[in-house]
Each structure stands twice: as structure tokens, then as C-alpha cells.
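Breakdown of the fold
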Amino acid sequence: MKNNVKFTSKLRYWFDQTMAAGTGALIGWLGIISLVIIMVFGAIISVTGLTQADGEALTFAEAMWESLMRTLDAGTMGGDTGWMFRFVMLLVTLAGIFVVSTLIGILSSGIESKLDELRKGRSQVLEEEHTIILNWSPSIFDVISELVIANESRRNPRIVIMADRDKVEMEDDIAAKIDDLKNTKVICRSGDPTDLTDLAIVNPNASRSIVILSPDAADPDSSVIKTILAITQNPNRRTDKYRIAAEIRDIHNAELANIVGGDETQLVLADDLISRIVVHSSRQPGLSAVYTELLDFDGSEIYTITAEQLAGRYYGQGCLAFETSTLIGLVTTDGKVELNPAKDRKILAEERLIVIAEDDDAIEIKGLQNSIDTSMFNAARTDTIKPERTLLLGWNRRAPMIATELSRFVAPGSVLTIVADTPDLAGKTAGIRLASDNLTLDIRNANSSSRAEIRALDPLSYDHILVLGYNEDLDPQPADTRTLVTLLHLRQVAEEAGRRSSVVSEMIDVRNRELAEVSKADDFVVSNKLVSLMLAQAAENEFMSRIFGSLLDEEGAELYLRPASNYVQPGATVDFYQLTLAGLMRGETVIGYRQRGVSADDRRLGGVKINPVKSQKVTFSEGDQVVVLASNG
């Protein structure tokens, strides 16, 4: 059915549509109005022959020029003469005042709108070879800090951040939390990383790597998986593979994330990673410092390099071919990671070497070492595995995973006592699935921060004590405060008895670690910090997720802190070539050592030294330890 719409209504609708087109359309209309005013009054002046009292008649072009001057500047008519000419020019000037004032208002509004758009962070990023961080979480500051260190050797490095937050707020938070960005520039944009249109703003097709953080949301893993899908399945994506590092909290979501991300994505299973490191550190205090040293960029880290120079050589020979780097394993031709392979395992030219070094530029093969003094070596000893009693104080979502992981390593007859005052503790612990029958659970509902309750537990009778934060019920700062109270009570009980206890604590915020050190706990696992380090490393090294997965897998080679007296005679002065050979003779890869007398170092590694120069000599005392990769406990 045809509508009988009036022409005036159509004209008005058309005018409304053009006016709604924005600042450009408004300026265009003002230009048309100005042109009409100039032409009409120019025609009036030229046709009527109006002129100033002592002037000559004006042509149409000259009349238009006079009108234009008075339209743009009201002061121009100050020198006019002749009342009729003044009257016409007054009308032109009044019309000009309307046009110019409207134009100023439109320009002011347009500029303000553009500035507001820039403040919101919606402009296109034109960077190339930049690192993208998607989503916002407390881990972002540590991720940025590590990437800044990694970028020091690069030219004009850029980090682009997109999150569903105000751009200015993000920039202010980064400026407040990170003192020195060195040569790295950080660019913030506001948007939804799961939206294809918003994602295009950060230019992922030209990126070097992409880090996807777990957001503070009800279902963070779903958001991360959807973001991976938006990147990898984008119709306008690049043909080259992306390098994506994504944080997944729940291990049950890892399978779907792997299907979506394929071989372009490295998953950092945050809770699984922390749970495993907590368990390993609880049984070997000081081990978290080793993991921290391997993960951060301030010191030695893990690289992979081509193996042509050592092709055809044995792995044991390769371990002795580096002076300033440490060979720890191989990446096979099908991408499988082999840590601490047999010393007589041949290296293939198509494989990659996994090396610990201070920088990739520092990796250099010095040549095979064939004459090494073995006179200081001690005979290999096998440690006896005995049942262990472990006390876990506190509760969070990682506690069931810690119990499961612990059951993989302990001897038969071991006991884990869990003490917490979290709601429905019995129901939560009922869902724990242990990996073996070697471990028995003892659940006690009590206040884990109460001095009286802690004393009643007789904590010194346990082989290991684990303190977890209540970060599900409390914010990070209150949770760490409660953890600190528990640690101080444990310290007091130990001092009153004149004995030491093996205490490992999980801290949520790295800023609380220094304060917590007054409790004299053996080790601290800073959960958010370690996850951030892993994400930053995965963004730089495509094999990092597989390497650390192998490190923390009970079926592969693991990190151990073993007495130095198992390798060399107490008091002996040896170089690291000798220590490396002593480890190879036991089927182990030696990567460093820990000296008990060195506890106050700038990086708080508790005397841990990873990847020392092999020609340097070290004197080992009683209580010193060697850091090794070995296939059994």
C-alpha cells in the first residue's frame, strides 16, 4: 500500500537524516548557507547599484567579496558609508554572526567528541611486531614487567592492552604500579576481546605474540576460550600462525581450549601450575626460587636453539659443550619435549636443544670437555623414601588439586591433615580424588589462624607444613594478612620449642612476600606472580608450556634439590664441569646449586644459583644442595 506522504514531510525527513550524519554534514550545511547569503546579497548590491557614499558601483564578484568579508568579520563594516549600503551590510554581518558562531560551536563539539573518542581508546592500532595483552587482572602488572625486561634488546618494542575498562584508568594503574617501562611503550584500548570488531582495533594480524589473561568474571575460562576462537577463526585472520599464551583456571576446560587454539595456543593452567609447584616446594623447600629463576627474564631463562653443531653427539657430551649455558633436554622432530634424556642418547640435526642461558645471544658452544677431574666425586647414594606427615592450613580452590598431586609422590602410609574453617569443608573435601592409596586424608574443621588451634595440632610433629590463603572468601590483601598471622603463630611455636619446622606458604600478592619473610618460613610460592611469569615466557617461547608441563609431570624428569655431598666430598672446591659430570654419571642433569649460607640476595632466591659459569670454582659446605633434573625421587 502506497503512503501519501507530503513533500514537506519528505524534505524534513531528508534534512533530519543529513543533520544526523555528524560534524562534517553540519559544516557542509553551514557552508551552503554561507554561500547562499553571500550570493544573494552580492546580487542585491550589484543589481541595485548600491555603493558607499564616495565609492564606485560594484560588480557581482566584488559585491560577493564584500559580503564574504562582512560575513567572516563583523568589524569590517566599521568603515562603511551611505545608509542604504550600511543597512544591507548590517544584514549580511548579522547573518555572518549566526553562521560563524554556529560553526565555532560545531567545531568545538566535534573536537570534544573526537577527544572523548580518543580517551575511550577506540582508535585503530597501527603497530607491527607488538605484544598484545587481552583482558585485565591483577597479574597484568607482572606480565608487563617481565615483557619489559624481555624487550630490552629489541628495537621500539610495543605492548598493546585491550580490556573492558576505561583507557585512562588502565594507563593510570600501569603508571602507578610499574616504575620504569625502559624502552617499551604501552598502548591501551578499551573494548571487548571476544568481539571481532573490537579485536581488530589492536591489529592482531601484525602482532608478535598475544597474551590472554583470565578476567575477573563469573566464568573466566569461557571468556578466554571465546577470545581464542575470535582470534584463530576470524575470517580476516592472517595466514601465518599466531603465538598465543592463554590462562585457563579449570583444568577441565583445557581440552576445549586446545581444540579451539590448536598448535597456535599455549595454555597456562593456572591452578594446576600453582598446585604442582606448591607440592614440589613443600617437599623440597627452596624449589620455588628455582622455578622463579627459570620463569622470569631477570637472570637465566629457557631457550630453544637448533642442534646442527651437536648433531651426532651424545646428550652427555652436549651438556659439557657449553660454558655459560646449560643443556637440559631436546625437542624432537615431532615437537615432543625430552628433559634429561639418557647421556648416551644421540642428538639429531633436525632436533632443537633446550638450553638455560642469560640471553639467547649468550648461547655459545665452547667445545667438548674430555678431561675432567673425578677425584673429588662421592659415590652415588639412593635416598630412602619414607612415609610423610603433611599439615595443610587454610583452604582455596587449589587445595583438592594439591592433595591429588601430593598423593602421586609420597610413600605408602603417608597422611595429609587438612585444617580450615571454610564453610562446608566436609562436602568440599569429599570430592578429592587421590592418585594413589599411598596418602590418607585427615580432615579437621578448625580455625587455622588461631594460636590455640595451631598449638593443639602439634605442628612440629609434621614433616611438612603448607599454608594456603583463603582467597575464595577474601580479597588478596585480607587473605594474605590471614596467612601472615598463621605463619607468625607457627614461628612462635617453633621458637618456643627451640626447633625448626618445614613451612611453605602460598602468597597471593607478591608485595606481601617481603613482609611475610619475618615469619622465617622456608619457602613462599607467590601464585599470581608465577602465573604471570609463565604467561610472559609462553609469549616469547613457543615450547615453554610443553617444557614446564614436562617439568611438573610425575612421569617425566623433575627438579630436585639434593645434598651436594651426594656428588662431591664436603668442603671440596670444584668447578661446574665436574659437578655436571657427577650428575651425568647418576643419570641426572645438574642445572645449579643452593648454598645455605647465602640467604640475603637482591632477588630473594635464598642462595639459589642457576646456570653458573662452568669454569668457576665453588666450595660446597655441609647443608649445601645441588639442583638437578632427574627422572625419579
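Computed from a predicted model, the values in this text were never measured in an experiment. (Residues numbered from 1 in each chain as written. Predicted model: local features only at pLDDT ≥ 70, side-chain atom pairs only at ≥ 80, totals over all residues. Heavy atoms only, no water.)

**Regarding the overall build of the protein chain**
Which entries qualify depends on this criterion: Strands here are runs of E lasting at least two residues and helices are runs of H or I lasting at least four, both read from the DSSP assignment and numbered beginning at the N terminus. Three labels apply to residues, based on accessible area from a 1.4 Å probe with only protein chains included: buried if under 20% of the type maximum, exposed if over 50%, partly exposed otherwise in between. The contact criterion used throughout is that any non-hydrogen atoms of two residues lie within 4.5 Å. Values of accessible area rely on a 1.4 Å probe in the Shrake-Rupley scheme; residue burial ignores everything except the protein chains shown.
Along the backbone of the protein chain there are 20 helices and 22 strands. Evaluated residue by residue, the protein chain yields a buried proportion of 50% over its 633 residues. Here the analysis covers contacts within the protein chain between residues at least 6 apart in sequence; of these, 76% occur between residues at least 24 apart. A total accessible area of about 29500 Å² is found for the protein chain, and carbon and sulfur atoms account for 52% of it.

**Focus: the sheet that holds strand β8 (residues 326-331)**
Filter applied, for reference: Note on pairing: two strands pair once DSSP finds at least 2 bridges between them. To define axes, lines are fitted to C-alpha atoms, for helices over the stretch in contact only, and angles between the resulting N-to-C directions are given on a 0 to 180 degree scale.
Spatially, β7-β10-β8-β9 is the arrangement adopted by the 4 strands of the open sheet, whose pairing is antiparallel. The open sheet has two edge strands with one neighbour each: β7 (301-306) and β9 (337-339). On average, each strand axis in the sheet is inclined to that of its neighbour by 30°, with strand direction left out of account. As paired elements, β8 and β9 share 3 bridges and run antiparallel to each other. Counterpart to V331 in the pairing with β9 is V337.

**With respect to the nonpolar core**
How we decide: The definition of a nonpolar core used throughout is a set of buried Ala, Val, Leu, Ile, Met, Phe, Trp, Tyr and Cys residues joined through side-chain atoms within 4.5 Å.
Judged by nonpolar contacts, the single largest core of 82 residues is most densely connected at I133, I144, I161, F548 and L559. For this core, the element with the highest residue contribution is helix α18 (residues 527-540), accounting for 8 residues. Residues contacting F548, with those up to four places away along its chain left out, are L273, Y291, L294, L295, I302 and M534.

**Quick word on unusual backbone geometry**
The residue N203 is not glycine, and still its phi comes out positive at about 55°. Residues other than glycine seldom take positive phi values, yet N340 does so here, at roughly 50°. Locating N340 in the fold gives a position in the loop between β9 and β10 (352-357). We classify N340 as buried; its relative accessible area is 7%.

**Quick look at the packing of aromatic side chains**
As a reminder, the rule being used: For Phe, Tyr and Trp, where Trp contributes only its six-membered ring, two rings pair if their centres lie within 6.5 Å, and the inter-plane angle classes them as stacked under 30 degrees, edge-to-face over 60, or tilted in between.
The tally for this structure, following the rule as stated, stands at 4 aromatic pairs. Relative to Y593, the ring of F576 lies with its centre 6.5 Å away and its plane at 55°, an arrangement referred to as tilted. With F576 in helix α20 (residues 576-585) and Y593 in strand β19 (residues 589-594), this residue pair connects regions lying 17 residues apart in the sequence. Both residues of the pair, F576 and Y593, belong to the buried class. With a centroid separation of 5.5 Å and 90° between ring planes, the pair formed by Y593 and F620 is classed as edge-to-face.

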